[in-house]
Amino acid sequence: MFPTWLHAISIAALLLGAACSLLLSAQVIRHPQHMTVMNVVWPISALFGTVVVVWAYFSYGRLATMEAHHDAKERGEKPPNTTGMPFPVMVGKGALHCGSGCLLGDVAAEWLAFVVPAVAVWFGWHSLFDEKMYAVWVLDFVFAYALGIAFQYYAIVPMRGLSPGEGLVAAVKADTVSLIAWQVGMYGFMAFAQFFLFPHWAGQRAPVNSVEFWFAMQVAMVAGFLTSYPVNWWLVGSGIKERM
């Protein structure tokens, strides 16, 4: 059994993430982002970034709405997100853009492998890995990479006016290293939680259908953000990844 205090913290953290996500969902519906994919990125990022992501949205995300771009265009000015957004914030948005795809992919992969354990076998459980978790991580990466490329594609193509083929190549260049860096942080913390923290606190690992597992995933996503941030700094600064 997991300690009562951990169970309570896990529930509170997940509810906070859900509330923050609902808040930003309402905001992007009322004030759509100029870059359409960010209407998805902000609410998803709030699931793990909670109040920090909410603060970032109200401080800087509102600069990138369609309304703000339209008003600036009518005044003959540059869009406010290109003039009023510090470079470190642009980098953070780029990292969240990558991380939101990772989160969706990880959630889908974890539940798929939980409901259909044979999927983990297809990805190496019992053949390449004794631990099911490692096989699921391979599945996580496949799902996260596919969604990450899709998110990046729909950000780059409209901004650069690329053809589908050019857009796919650009998306792969922009997202591959960022996603790997994110997954390193995410996998690292989940391994620490599953092999050390949970066994120490409860004598067992956290199953996918427990709030403790998803609380750990929230923290793991924050770790992923931290490990991918320096990579995104380089990607955005070098022009490989678009400034958002």
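Before reading on, note that the structure itself is shown above.
Throughout what follows, the structure given in this document is the object of discussion. Since the structure is predicted, the reported quantities are computational estimates derived from the model, not experimental observations.

Definitions and limits used
Residues numbered from 1 in each chain as written. Predicted model: local features only at pLDDT ≥ 70, side-chain atom pairs only at ≥ 80, totals over all residues. Heavy atoms only, no water. Helix = DSSP H or I, 4+ residues; strand = E, 2+ residues; numbered from the N terminus. Rg over C-alpha atoms; globule rule 2.2 N^0.38 Å. Buried < 20%, exposed > 50% of the residue type's maximum accessible area, 1.4 Å probe, protein only. Contact = heavy atoms within 4.5 Å. Areas by Shrake-Rupley, 256 points an atom, 1.4 Å probe, with all protein chains shown as cover. Patch = residues over 30% accessible without salt bridge, like charges linked within 9 Å, V, L, I, M, F, W, Y side chains within 5 Å. Salt bridge = Lys/Arg side-chain N within 4 Å of Asp/Glu carboxyl O.

### Side note on the overall build of the protein
For the protein, the count of helices and strands is 9 helices and 0 strands. Order of helices (α) and strands (β) in the protein, N terminus to C terminus: α-α-α-α-α-α-α-α-α. Relative to its length of 244 residues, the protein is compact, with a C-alpha radius of gyration of 19 Å against a globular reference of 18 Å. Across its three principal directions, the C-alpha atoms of the protein cover 65 × 40 × 30 Å. Counting only residues that meet the buried cut, the protein has 49% of its 244 residues in that class. Residue pairs in contact within the protein that sit at least 24 positions apart in sequence constitute 73% of those at least 6 positions apart. When the accessible area of the protein is evaluated, it comes to approximately 11,500 Å², of which 71% is carbon and sulfur surface.

### Topic: the environment of Val 91
Summarising the element assignment, Val 91 is placed in helix α5 (residues 87-115). For Val 91, a relative accessible area of 0% translates into the label buried. On a C-alpha basis, the gap between Val 91 and Arg 243 in space is 7.5 Å, while along the polypeptide they are 152 residues apart.

### With respect to a nonpolar patch on the surface
Where nonpolar side chains cluster on the molecular surface, the patch consists of Val 107, Trp 111, Leu 112, Phe 114, Val 115 and Val 116 and spans about 460 Å² of accessible area. Position of Trp 111 among the secondary structure elements: in helix α5. Its relative accessible area of 33% is what places Trp 111 among the partly exposed residues.

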